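# Architecture at a glance
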Amino acid sequence: MPPAFDRRTLLRSAAAGALLSATAGCGGGDEDAVTFFFQARPAEARTRLKIIEEFQRRRPDIRIRTIMSGPDPLQQMLTYCAGGKCPDVLMAWELLYAGLADRGVLVDLREFLDRDPAYAEQLRADGYPALRDTFGWNGGQYALPEQWSGVFLYYNRKLFAEAGIHAPARWSEAWSFDEFLSAARALTRRDPDGRTRQWGFTDAWVPYFSAACFGMNNGAEWFSPPVRPERTNLGDPRFAAGMQFYADLAVRHRVAPSVGDRQSVSAQDLFRSGRAAMLLGGHWLYSEFTGREDLDFDVTVLPVGPAGGPGAVTDVGSTGLAIAAASPRREQAWEFVKFATGPEGQAIIAESGLFVPVLESAMRSPGFAAAHEGIRNLEVFTEGPSHSRGMAVTPLWGKVESLLERGCNRVLRGAAQADSLAGQTTTDIDELLRAAV
């Protein structure tokens, strides 16, 4: 999912966009340039610039003009395309691209891959099926993955050491729900008046997505199948128990901030300041935490419920690159997509430390390890794609999400139990999904 943007981030992103436009050959009269639409925070934009600069060094005959997205990239892309000005290359989000593919906005990239079977086989052998298959729609390949994020746990080494707690280092060696809760309790500190001065756990992601990951780690998929789903598994007792466990961290056990608490301070600030021992989030937060002398952190995996396992799982959390069907520069656009998602571009991503690459060769490279030299549990990143599970790829995602948000937020506020979602919420979602199959 696109990261949440506040006003300050949007203003900084606009400045980053101006920098990209000035340095990437993006003059208004450059009508032959390949237009590249993406969303990024400033640090991400700088990594994009490195990829673009290296590509243009190797291919000076192909110019790239960047278009920065606002906070609603799907609507912005639809507006561009409806007006006949669809960008040539589009950033694709796992939960959003299906709507564009279903409308015929995107090219089936098999058009290019079938022409170059050797390269296609190289990508297949070096990539991760979970990421690649996420962008497979109706038998076609509508985007190639460019980065993995997933979600996992950042943790404060100092606070863990003081509490005598050991964090798992690999997805295959996950802790249980009970072990996780015990750790969160030990890491929560309250003043004599009952005020919490240190939380055991906090969440920097979308809460009901996070709750769904806990449901998946109790042995049930969120949607079946993940691509073009026919039903949701909100009513599966295993999924409901995992979601309830997540909700109870704040509502019942008080080891995590409540919905109200989250409105007064961000999860990132709590973790950065040492007022939260664990934080759930993705690799997009790594650059915010690294290099801080007052924060010694590492990463660990999500916990596994009694009906889950044997290892922990996370969500796919991938973005990809797609090509517009209406592009008059398909061949040039493909050359850029091929570079950015192939070994050369992925090596730049690996060395930047900003993204997690989607090719195993880049993941295992010295450059990626050097960019994360402070991380001892590097396997949480390098093994993450292999332990990823899809959420839901459907052109009706916007409508499905509205129903999910309404139902799940009642559970997360403590106004309902998770097993109540087996009723009307599940019925309404399943009716929507059946209409799309």
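Refer to the structure printed above.
Worth saying up front: this structure is predicted, and the values here are computed from it rather than measured.

Attention now goes to the overall build of the chain. Within the chain, the secondary structure is distributed over 21 helices and 17 strands. The C-alpha radius of gyration computed for the chain amounts to 22 Å, which stays within 12% of the reference 22 Å derived for 437 residues, consistent with globular compactness. Dimensions of the chain, computed from the C-alpha atoms along their principal axes, are close to 65 × 50 × 40 Å. Residues counted as buried form 57% of the 437 residues belonging to the chain. In the chain, of all internal contacts separated by at least 6 residues, the share reaching a separation of at least 24 is 76%. In the structure as shown, the chain presents an accessible area of about 17,800 Å², 48% of it carried by carbon and sulfur atoms. Of the side-chain charges in the chain, 46 are positive and 53 negative, and the distance between the mean point of each set is 4 Å.

Relative to each other, helix 10 (residues 207–216) and helix 11 (residues 237–251) sit at 130 degrees, their axes nearing to 7 Å. As far as their axial angle goes, helix 11 and helix 10 are oblique. Helix 11 is crossed by helix 10, and the crossing has right-handed handedness. Residues Pro 207, Tyr 208, Ser 210, Ala 211, Ala 212, Phe 214, Gly 215 and Met 216 of helix 10 form the contact with helix 11, whose participating residues are Arg 238, Phe 239, Gly 242, Met 243, Phe 245 and Tyr 246. Broken down by class, the residue content of the contact of helix 10 with helix 11 amounts to ten nonpolar, three polar and one charged.

It is worth spelling out the sheet that holds strand 14 (residues 297–300) at this point. The sheet built from four strands is open, its strands ordered 10-13-7-14 with mixed pairing. The open sheet terminates on both sides in strands that have one partner only, identified here as strand 10 (202–203) and strand 14.

The bond known as a disulfide is covalent and runs between the sulfur atoms of two cysteines. If you walk through the whole model with that rule in mind, you get one disulfide. A sulfur-sulfur distance of 2.1 Å marks the disulfide that ties Cys 81 to Cys 86. The residues Cys 81 and Cys 86 share a single accessibility class, namely buried. Of all cysteine sulfurs, the one in Cys 408 lies closest to Cys 213, which takes part in no disulfide; the gap is 12 Å. On the basis of relative accessible area, Cys 408 is assigned to the buried category, the value being 1%.

Quick look at the environment of Tyr 119 now. Relative to the helices and strands, Tyr 119 is located in helix 6 (residues 117–126). Along the primary structure Tyr 119 and Gly 235 are separated by 116 residues, whereas in three dimensions their C-alpha atoms are 43 Å apart. With residues up to four places along the chain from it excluded, the contact list for Tyr 119 reads Leu 113, Trp 334, Lys 338, Thr 341, Gly 342 and Pro 343. A polar contact is formed between the side chain of Tyr 119 and the backbone oxygen of Lys 338, at a distance of 3.0 Å.

As enumerated under the stated definition, the model contains 36 aromatic pairs in all. On the numbers, 5.4 Å between centres and 55 degrees between planes, the contact of Phe 214 with Tyr 246 is tilted. Of the two residues, Phe 214 is situated in helix 10 and Tyr 246 in helix 11; the sequence distance between them amounts to 32 residues. Taking relative accessible area as the criterion, Phe 214 reaches 1% and is therefore assigned buried. Geometrically, the ring pair formed by Tyr 286 and Phe 297 is edge-to-face, given 6.0 Å between the ring centres and 70 degrees between the ring planes. Note that Tyr 286 is positioned in helix 14 (residues 286–289) and Phe 297 in strand 14, a separation of eleven residues in sequence.

Our next topic: the sheet that holds strand 6 (residues 144–148). Here five strands make up an open sheet; going across it, the order is 2-1-3-16-6 and the pairing mixed. At either end of the open sheet lies a strand with only one pairing partner, and these are strand 2 (64–68) and strand 6. With strand direction ignored, the average angle separating the axes of adjacent strands in the sheet is 25 degrees. Pairing analysis gives five bridges linking strand 1 (residues 34–38) to strand 2, with the strands arranged parallel. Residue Thr 35 lies in a different strand from strand 2, and its bridge partner there is Arg 65.

What counts as what
Residues numbered from 1 in each chain as written. Predicted model: local features only at pLDDT ≥ 70, side-chain atom pairs only at ≥ 80, totals over all residues. Heavy atoms only, no water. Helix = DSSP H or I, 4+ residues; strand = E, 2+ residues; numbered from the N terminus. Rg over C-alpha atoms; globule rule 2.2 N^0.38 Å. Buried < 20%, exposed > 50% of the residue type's maximum accessible area, 1.4 Å probe, protein only. Contact = heavy atoms within 4.5 Å. Areas by Shrake-Rupley, 256 points an atom, 1.4 Å probe, with all protein chains shown as cover. Lys, Arg positive; Asp, Glu negative; His and termini not counted. Charge placed at Lys NZ, Arg CZ, Asp CG, Glu CD. Axes fitted to C-alpha atoms, helices over the stretch in contact; angles between N-to-C directions. Parallel < 35°, antiparallel > 145°, perpendicular 65-115°, else oblique. Left-handed = near helix turned anticlockwise from the far one by under 90°. Nonpolar A, V, L, I, M, F, W, Y, C, P; charged D, E, K, R; others polar. Pairing = 2+ DSSP bridges. Disulfide = S-S within 2.5 Å. Polar contact = N/O pair within 3.5 Å; in protein donor to acceptor, adjacent residues only side chain to side chain. Phe/Tyr/Trp six-rings, centres within 6.5 Å; stacked < 30°, edge-to-face > 60°.

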